[in-house]
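Results of the structural survey
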Amino acid sequence: MNDRLNILHCIYSMTVGGAETMLVDIANVQLRLGHKVTILIVNDIVDERLVTKLSPGINVVRMNRRQGDKPLVMMARLNMLILKLRPDIIHAHHHKFCRLVQIRKNRLVFTVHDVNTEMKYAHSSRMVAITDTVREDVARRVQDADITTILNGIRTSDIVGRSSDSFNGTLKIIQVANLLPYKKGQDLLIEALGIFRARGVENIEVDFIGAGDSADLQKLADSRGVAGRVHFLGARDRDYIYTNLCRYDAMCHPSRYEGFGLTVAEGMAAGLPLILTRGDGPWEVADKGRLCLSAENGDANSLADAIESLMKNYPEALVRASEAREYVRRYDITRTVDNYIDYYRRIINFH
């Protein structure tokens, strides 16, 4: 068998999100390893800054379809592309491709990038979960699911590590996530600051990095009297994040649900003490809570208690953070790609 694989990745849009970020990194490493890589972007929703992060040798095919338009035309164009490319593997990043792909369907792999992902068209497909949390979620909802876990990855060596062994008076907390409070829990972190204000604790500041409308969160901060200690920095590219995580004293990610949390792994690589929601994907990434402080899901008081514990026992938190910097190597992007290539080859050899 030829060692060089012909890989087609299929995704609907290319915006700054976990699945898209992962795709860029995976595709770049796959190309560097000598494989032929094509990325199909169906819709016209594209962040050009993300596309520029793709290596020049990657073939990017854009359908420029308006979201929701002409699904049958899109389906025909997709299968014509597959017929032309004859890929060894079709790697789908949305469940709808499990229905749309008709040619070389036995080479199709669907990565499930989050818990609660729609599975309508994926029941009979080979699936990859990004954590065991996601795999267990799919297994509960899909009888006899053909699903395996391949952990997400980050560019661990590119992240600047924190060097300070204390925080200087004010605890500076970072959360990196799109502003989706119903999922990411930014409101809980603001509520926790309000709880600290009621306790007479003022030496905590939070920066939120992420795309989205901050108006409602800003109103919440105003109503809790903590607006001066909450800063919305907007979207930042990963070069900025990788360089600036080291400026913070802790990372807090109080998600209500989350499949993995790439930014949590990045915080680990930067040496930041972590405060995470007990039991979800990021908590699994932190070795099921061993390498973080934990808060109950959706509970701002529990979150405030965890932050207070971190402040009172900061040297212990730094010991965990140091262990996390070693542990996070298992999430290096090269290991993720190696595991995918092995999985691809098992599928090819099966047929």
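Please read all numbers here as calculations on a predicted model, not as lab measurements. (Residues numbered from 1 in each chain as written. Predicted model: local features only at pLDDT ≥ 70, side-chain atom pairs only at ≥ 80, totals over all residues. Heavy atoms only, no water.)

Considerations on the overall build of the protein
This is how the line gets drawn: Runs of E in the DSSP output that reach at least two residues are strands. Runs of H or I that reach at least four are helices, and both are numbered from the N terminus. In this treatment the radius of gyration is a C-alpha quantity, and the globule benchmark scales as 2.2 Å times the residue count to the 0.38 power. Burial classes: relative accessible area under 20% of the type maximum marks a residue as buried, over 50% as exposed, and values in between as partly exposed (1.4 Å probe, protein chains only). Contact criterion: two residues are considered in contact whenever any of their non-hydrogen atoms come within 4.5 Å of each other. The accessible surface values rely on the Shrake-Rupley method and a 1.4 Å probe; as for residues, cover is taken only from the protein chains in view.
From N to C terminus, the protein includes 14 helices and 13 strands. Its C-alpha atoms give the protein a radius of gyration of 21 Å, near enough to 20 Å, the size a compact globule of 351 residues would have. With the C-alpha coordinates aligned to their principal axes, the bounding extent of the protein is approximately 65 × 40 × 40 Å. Here the protein holds 351 residues, and the buried ones make up 55% of them. In the protein, once contacts between residues fewer than 6 apart in sequence are set aside, the share between residues at least 24 apart is 64%. When the accessible area of the protein is evaluated, it comes to approximately 15100 Å², of which 47% is carbon and sulfur surface.

Some points on the nonpolar core
Across soluble globular proteins, nonpolar side chains have a tendency to be buried as a group. Condition: To qualify as a nonpolar core, a set must consist of buried Ala, Val, Leu, Ile, Met, Phe, Trp, Tyr and Cys residues joined through side-chain atoms within 4.5 Å.
Counting 76 residues, the largest nonpolar core has Leu 78, Phe 97 and Met 268 as the members making the most contacts within it. When sequence neighbours within four positions are dropped, the list of residues in contact with Leu 78 reads Cys 10, Leu 40, Met 63, Phe 97, Leu 100 and Val 101. Within the second largest apolar cluster, 34 residues are counted, among which are Leu 189, Leu 193, Ile 275 and Ile 307.

Considerations on unusual backbone geometry
Although it is not a glycine, Arg 86 adopts a positive phi angle of roughly 45 degrees. Examined against the element boundaries, Arg 86 turns out to sit in the loop between helix H3 (71-85) and strand S4 (89-92). At Arg 104, a position not held by glycine, the phi torsion is positive, near 55 degrees. In this structure, Arg 104 sits in the loop between helix H4 (97-100) and strand S5 (108-112).

Description of the sheet that holds strand S8 (residues 171-176)
Operational definition: In short, DSSP must find at least two bridges between two strands for them to pair. In this analysis, axes come from line fits to C-alpha atoms, helices being fitted only over the stretch in contact, and the angle between any two N-to-C directions falls in the range 0 to 180 degrees.
Judged by pairing direction, the sheet is parallel, and its six strands sit side by side in the order S10-S9-S8-S11-S12-S13 without closing on themselves. Edge positions in the sheet fall to strand S10 (230-234) and strand S13 (293-295), since each has one partner strand and no second. Strand-to-strand twist in this sheet, taken as the mean axis angle between neighbours without regard to direction, amounts to 25 degrees. Relative to strand S12 (residues 274-277), strand S11 (residues 250-253) is paired through three bridges, and the arrangement is parallel. Counterpart to His 253 in the pairing with S12 is Leu 276. Packed onto the sheet, helix H10 (residues 262-269) meets S8, S11 and S12 and runs at close to 165 degrees relative to S11.

Details of the packing of aromatic side chains
Condition: Stacked, tilted and edge-to-face are the three classes assigned to paired rings of Phe, Tyr and Trp, where Trp is represented by its six-membered ring and a pair needs centres within 6.5 Å; plane angles under 30 degrees give stacked, over 60 edge-to-face, the rest tilted. Placement of a positive charge over a ring is assigned whenever Lys NZ or Arg CZ falls within 6 Å of the ring centre and within 35 degrees of the normal to the ring plane.
Under the counting rule described, the total for this entry stands at six aromatic pairs. Between Tyr 12 and Phe 97, the aromatic rings sit 4.9 Å apart at their centres with planes inclined by 45 degrees, giving tilted as the arrangement. You can see Tyr 12 sitting in the loop between strand S1 (6-11) and helix H1 (18-32) and its partner Phe 97 sitting in helix H4, a full 85 residues away along the chain. Phe 97 gets classed as buried once you look at its relative accessible area, which sits at 0%. Pairing Tyr 327 with Tyr 331 gives two aromatic rings, centres 6.1 Å apart and planes at 70 degrees, and the pair type is edge-to-face. Members of the aromatic cluster, each reached through a chain of ring pairs, are Phe 260, Tyr 327 and Tyr 331. The aromatic ring of Tyr 121 is capped on one face by Arg 99, whose charged end is 4.6 Å from the ring centroid. Above the face of the Tyr 248 ring, Lys 172 is positioned so that its terminal group lies 5.7 Å from the ring centre.

Observations regarding empty space enclosed by the protein
We apply this condition: Cavity and pocket criteria rest on a 1 Å grid covering protein atoms alone: a 1.4 Å probe that fits but cannot get out defines a cavity, protein on both sides within 12 Å along at least 5 of 7 lines defines an open pocket, and an atom within 4 Å of a point defines a lining residue. Grid points are joined across faces, edges and corners, and a volume is the space filled by probe spheres set on the points.
Scanning the entire structure with this criterion turns up one cavity of 30 Å³ or more. Lining of the largest cavity is provided by Leu 188, Pro 254, Thr 277, Ala 295, Glu 296, Asn 297, Gly 298, Asp 299, Ala 300 and Leu 303.

A look at the environment of Gly 261
On the secondary structure map, Gly 261 appears in the loop between S11 and H10. Classification of Gly 261 by relative accessible area gives buried; the value is 9%. For the pair formed by Gly 261 and Ile 130, sequence separation is 131 residues and the distance between their alpha carbons is 9.9 Å.

Details of the sheet that holds S5
With parallel pairing, seven strands are arranged side by side in an open sheet as S3-S2-S1-S4-S5-S6-S7. The open sheet is flanked by strand S3 (59-65) and strand S7 (146-149), the only strands paired with a single partner. Within this sheet the neighbouring strands show an average axis-to-axis angle of 20 degrees, counted without direction. Across four bridges, S1 lies against S4 in parallel orientation. Across the sheet, the residue bridging to His 9 is His 91, located in S4. Set on the sheet, H3 makes contact with S1, strand S2 (36-43), S3 and S4; between it and S3 the angle comes to about 165 degrees.

Some remarks on helix H5 (residues 132-141)
Put simply, the rule reads: To obtain the arc, one takes the directions from the helix axis to the C-beta atoms.
By the burial criterion, the buried members of H5 are Thr 133, Val 134, Asp 137 and Val 138. The arc enclosing the buried residues of H5, seen along the axis, measures out at 130 degrees, which places them on a common side. Here the buried face of H5 lies against S5, strand S6 (126-129), S7 and helix H11 (281-285).

Functional significance is not addressed by these values, which are geometric in nature.
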